[in-house]
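Take a look at the letters that make up each chain.
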Amino acid sequence: MVEITSSHDEDSLHGESLPPPPPDMDEDNDVIEEHVGGVGGECEDMELTGCGASACCNPRKGVYRFSALFFMCFLGFGSYFCYDTPGSLQDQIKDDMGVNTVKFASLYSLYSWPNVVLCFIGGFLIDRVFGIRWGTIIFSSLVTVGQFIYATGAVTNQFWLMQTGRFVFGVGGESLAVAQNTYTVSWFKGKELNTVFGLQLSMARVGSTVNFLSMGPIYAWVDTFADGYKTLGISLLIAGATCIYSLICAGILGLLDKRRSKVLRLNSAESGEKVQLRDILTFPLSFWLLCVICVSYYVAIFPFIGLAKVFFMRKFNFDETSANGVSSIVYVISAFASPILGYVVDRLGRNILWVFIAVLVSLGCHALLTFTFLNPFIAMSVLGLSYSLLASALWPMVSLIIPEHQLGSAYGMMQSIQNLGLALISMLAGLIVDMKGYLVLEMFYMIWLCVALISTVVMWLTDSASRGVLNLTVAERRNREADRERLLGS
């Protein structure tokens, strides 16, 4: 899943190159100087009277923007909630549908497969084909349709239909995240952007957490009046209500944005994602090491959480509710920690150091889960912190080593590699569980974290040898940039 992270460089976003900023709109200023229609880019604001001039209906007022923020936050709630329904109902899916762990894991890998390609064209579809408003509604509709195909497959006892639904769900899910990012930057650039990014990441994690805490009880309640695969199907249909809610939010947000653009005479927001494959040939070694770190770290997080419920039940003798609760801790911690740790990294710099610490601590957490019977709540809580730290430090580094005009290509390639890795590892993880068990699976994840750790050290050495900026403090980076500009000026 694409994540929103705040960074010191506001022109970079996890997985996306952000659009050109819309103007800062002073609430008391009646002249819009940028991004407006009319000759010469200047015009007079539309006169508002009656209810339309009230704070909640006036796009010039902060109340209007924060009303839209409510719908932006819930735009991806259904997608994040339903993404992990396989993880929260792992045993039920395997038992009711009669599938092994390999087939179960395909429900995750099939989400990732379409996004090996779509990460390159999601921004193009929004900018050039659908537009931000219709694009958001279309992608949200795909998420909703995919969830209901997935649920219908369970109701009719057709696992292939469940797999088809997850594929359709994946087609809409990642592109919906691009649309959400585009809306956010269009409305909040130059104002509360980093705070809004942190809030949206928190809401995404809330969606995943609520899923883990609620789907077990929902299944148990449905089981009182249904049996077998029909219980599973009805439970997934109920989960689909969150996607309908997000679709409604997409429609309302489109209306709010249309009114804002009309009153303030703004151009339509664009994703700014200009992807050119030829740019890839010019990327430095440090970028490819970032890609290796990204894929080798995330394959030890998302596939692990997807299979963690049964692992906790079998090794630690947890009941289903407790196992789902522990599985969701990483998301709960991330919801609170990501904005705070993002702020810390913004202020201190030293990105490679933070990545190294995050990978090393994550490796220790998996070792605790693998080789000890210490309460997994501790290891999972620390894993949530290290996961948040890595996301805050890793993704902004792309903007430090890649020119701005190539960021769309860089983030597109990085997402593509990440989704390819998640798709392959999800399938392989299911095979390992069926053939060797969870102990070998945990060691498999630890090997990938070792790869991430070695790649981080190599990148650190490479950056130091080339006098790079990835592990400098923020002050040192500014001084380096000032010296460069002075030399160019002379």
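Model, not experiment: these values are computed from the prediction. (Residues numbered from 1 in each chain as written. Predicted model: local features only at pLDDT ≥ 70, side-chain atom pairs only at ≥ 80, totals over all residues. Heavy atoms only, no water.)

1. With respect to the overall build of the protein
Step number 1: Within the protein one finds 21 helices and four strands.
Step number 2: The proportion of buried residues among the 490 residues of the protein is 59%.
Step number 3: If you take every contact in the protein between residues at least 6 apart in sequence, the share linking residues at least 24 apart comes to 80%.
Step number 4: As presented, the protein carries roughly 19200 Å² of accessible surface, and 66% of it is formed by carbon and sulfur atoms. (Helix = DSSP H or I, 4+ residues; strand = E, 2+ residues; numbered from the N terminus. Buried < 20%, exposed > 50% of the residue type's maximum accessible area, 1.4 Å probe, protein only. Contact = heavy atoms within 4.5 Å. Areas by Shrake-Rupley, 256 points an atom, 1.4 Å probe, with all protein chains shown as cover.)

2. Notes on the packing of aromatic side chains
Step number 1: Applying the stated criterion to the full structure yields 31 aromatic pairs.
Step number 2: Ring geometry for Phe74 against Phe77: centres 5.7 Å apart, planes inclined by 55 degrees, an arrangement best described as tilted.
Step number 3: Assessed through its relative accessible area of 12%, Phe77 is described here as buried.
Step number 4: In textbook terms, an aromatic cluster arises when at least three aromatic residues are bridged by ring pairs, as seen for Phe70, Phe71, Phe74, Phe77, Phe81 and Tyr245.
Step number 5: One Lys or Arg, Arg166, reaches over the ring of Phe169 and ends 5.4 Å from the middle of that ring.
Step number 6: Over the face of the ring belonging to Trp187 we find Arg260, whose NZ or CZ atom lies 4.6 Å from the ring centre. (Phe/Tyr/Trp six-rings, centres within 6.5 Å; stacked < 30°, edge-to-face > 60°. Lys NZ or Arg CZ within 6 Å of the ring centre and 35° of its normal.)

3. Comments concerning the pattern of salt bridges
Step number 1: Within the structure shown, the criterion is met by three salt bridges.
Step number 2: Here Arg260 and Asp257 are joined by a salt bridge, their closest N and O atoms 3.8 Å apart. A residue pair is termed a helical-turn pair when its members lie 3 or 4 positions apart in one helix, as Arg260 and Asp257 do in helix H11 (residues 241-264) at three residues.
Step number 3: Residue classification places Asp257 among the buried residues on the basis of a relative accessible area of 2%. (Salt bridge = Lys/Arg side-chain N within 4 Å of Asp/Glu carboxyl O.)

4. A few points about the nonpolar core
Step number 1: If you look at the biggest cluster of nonpolar residues, it comprises 125 residues, and the most contacted ones within it are Phe287, Tyr298, Phe312 and Leu394.
Step number 2: Here this core takes 10 residues from helix H19 (residues 407-435), the largest share from any one element.
Step number 3: With near-sequence residues (within four places) excluded, Phe312 lies in contact with Phe304, Asn317, Phe318, Ala323, Val326, Ser327, Leu369, Pro376 and Met380. (Core = buried A, V, L, I, M, F, W, Y, C linked by side-chain atoms within 4.5 Å.)

5. Notes on the packing of helix H16 (residues 351-371) against helix H20 (residues 438-465)
Step number 1: Two numbers describe how H16 lies on H20: the axes approach to 9 Å, and their chain directions differ by 165 degrees. Classed by the angle they form, the pair H16 and H20 counts as roughly antiparallel. H16 and H20 meet at a crossing whose hand is left-handed.
Step number 2: Along the lines of polarity and charge, the residues of the contact of H16 with H20 split into 21 nonpolar, four polar and two charged. (Axes fitted to C-alpha atoms, helices over the stretch in contact; angles between N-to-C directions. Parallel < 35°, antiparallel > 145°, perpendicular 65-115°, else oblique. Left-handed = near helix turned anticlockwise from the far one by under 90°. Nonpolar A, V, L, I, M, F, W, Y, C, P; charged D, E, K, R; others polar.)

6. Looking at the side chain of Gln418
Step number 1: Structurally, Gln418 can be placed in helix H19.
Step number 2: Setting aside anything within four residues of it in sequence, one finds Gln418 in contact with Cys294, Val295, Tyr298, Phe302 and Trp395.

7. Overview of the packing of helix H13 (residues 302-315) against H16
Step number 1: Where H13 contacts H16, the two axes come as close as 12 Å, and the packing angle between them is 35 degrees. Contact residues: H13 offers Phe304, Phe311, Phe312 and Lys315, while H16 offers His366, Leu369, Thr370 and Phe371.
Step number 2: Class assignment of the residues belonging to the contact of H13 with H16 gives a composition of five nonpolar, two polar and one charged.

8. Focus: helix H15 (residues 329-348)
For the α-helix, the turn length of 3.6 residues means that residues three or four positions removed from each other point alike.
Step number 1: Taking 1.5 Å per residue, 20 residues should reach 28 Å; H15 reaches 27 Å between its end C-alpha atoms and fits that length.
Step number 2: At Ala337, H15 shows its strongest bend, of approximately 45 degrees, with the proline Pro339 following within four residues.
Step number 3: Every buried residue of H15 is listed here: Ile329, Val330, Tyr331, Ser334, Ala335, Ala337, Ser338, Gly342, Val345 and Asp346.
Step number 4: Backbone geometry just after H15 places Gly349 at a positive phi near 75 degrees. (Expected span 1.5 Å × (residues − 1). Bend = angle between axes of the 7 residues up to and from the residue.)

9. Observations regarding the confidence of the model for the protein
Step number 1: Chain-level statistics for the protein give a pLDDT mean of 82 and a share of 83% at 70 or above.
Step number 2: The least confident element of the protein is strand E3 (residues 31-32), whose mean pLDDT is 36; the most confident is H16, at 95.
Step number 3: Note that pLDDT drops below 50 for residues 4-45; the model gives that stretch 118 contacts with residues more than four away or on any other chain. (pLDDT = per-residue confidence, 0-100.)

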